[in-house]
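One letter stands for each residue in the lines below.
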Amino acid sequence: MANERLRALEDVEKEIAMILQCAGNIVLELSKDKHNASLLDRQLVQFQSSVNRVENELSGQIRYLTQVATGQPHEGSTYSARKDCQMALNRAEYAKVKLGELGRTCEVMLEQPQT
């Protein structure tokens, strides 16, 4: 699925290059004193169809992204779970250090003579 989406975006990139080429050809033809109307028409039709294809494909990609982008981690992602685990380990280590300090404090207090 992801490979198909990437291929589609590569096709969009090629279409954008075609759009730029058509636009350049149209501007070049318009800069001439005598225009070739049939060439302009062909380039214009190709330009418009390429723009429509790019617009449709990008709209589809955006629709897909709005459906899957819910703010939740991707199903295949373990980043969130790993981060939660690491944070729990850090808290456990901190608690261990604090309990050790508390234990030493208690031992010191028990060793002191009572008055």
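Residues numbered from 1 in each chain as written. Predicted model: local features only at pLDDT ≥ 70, side-chain atom pairs only at ≥ 80, totals over all residues. Heavy atoms only, no water.

- Under an unreviewed UniProt entry, the protein chain has the name Mediator of RNA polymerase II transcription subunit 11 and belongs to Sphaeramia orbicularis.
- What the UniProt record of the protein chain gives under Subcellular location (unreviewed entry) is the line "Nucleus". (UniProt positions renumbered as here; feature names shortened; annotations may be inferred.)

1. Considerations on the overall build of the protein chain
- From N to C terminus, the protein chain includes 3 helices and 0 strands.
- Its helices and strands taken in sequence order, the protein chain reads α-α-α from the N to the C terminus.
- Scaling as 2.2 N^0.38, a compact globule of 115 residues should have a C-alpha radius of gyration of about 13 Å, whereas the protein chain reaches 33 Å, well beyond that.
- Seen through its C-alpha atoms, the protein chain measures out along the principal axes to roughly 115 × 30 × 20 Å. (Helix = DSSP H or I, 4+ residues; strand = E, 2+ residues; numbered from the N terminus. Rg over C-alpha atoms; globule rule 2.2 N^0.38 Å.)

2. Regarding the packing of aromatic side chains
- In total, this model carries 0 aromatic pairs according to the counting rule given.
- The aromatic ring of Tyr64 is capped on one face by Arg5, whose charged end is 3.5 Å from the ring centroid. (Phe/Tyr/Trp six-rings, centres within 6.5 Å; stacked < 30°, edge-to-face > 60°. Lys NZ or Arg CZ within 6 Å of the ring centre and 35° of its normal.)

3. A word on the domain arrangement of the protein chain
- Considered domain by domain, the protein chain is made up of domain 1 (1-75) and domain 2 (77-114).
- Taking only C-alpha atoms, the centre of domain 1 and the centre of domain 2 are 58 Å apart. (Domains from an automatic or database assignment.)

4. Regarding the confidence of the model for the protein chain
- Residues of the protein chain with pLDDT of at least 70 account for 91%, and the chain-wide mean is 86.
- When pLDDT is averaged over each helix and strand of the protein chain, the minimum, 87, is found for helix α3 (residues 79-111) and the maximum, 90, for helix α1 (residues 2-31). (pLDDT = per-residue confidence, 0-100.)

5. Thoughts on the packing of α1 against helix α2 (residues 37-68)
- For the pair α1 and α2, interaxial distance at closest approach is 9 Å and the crossing angle is 150°. In terms of orientation, α1 lies roughly antiparallel with respect to α2. For the pair α1 and α2, the sense of crossing is left-handed.
- Among the residues making up the contact of α1 with α2, the classes are represented as 18 nonpolar, 5 polar and 5 charged. (Axes fitted to C-alpha atoms, helices over the stretch in contact; angles between N-to-C directions. Parallel < 35°, antiparallel > 145°, perpendicular 65-115°, else oblique. Left-handed = near helix turned anticlockwise from the far one by under 90°. Nonpolar A, V, L, I, M, F, W, Y, C, P; charged D, E, K, R; others polar.)

6. Observations concerning the environment of Leu110
- With respect to the element layout, Leu110 can be found in helix α3.
- Note on Leu110: relative accessible area 72%, which makes it exposed.
- Linking Leu110 and Ser80, residues 30 residues apart in sequence, is a C-alpha distance of 45 Å. (Buried < 20%, exposed > 50% of the residue type's maximum accessible area, 1.4 Å probe, protein only.)

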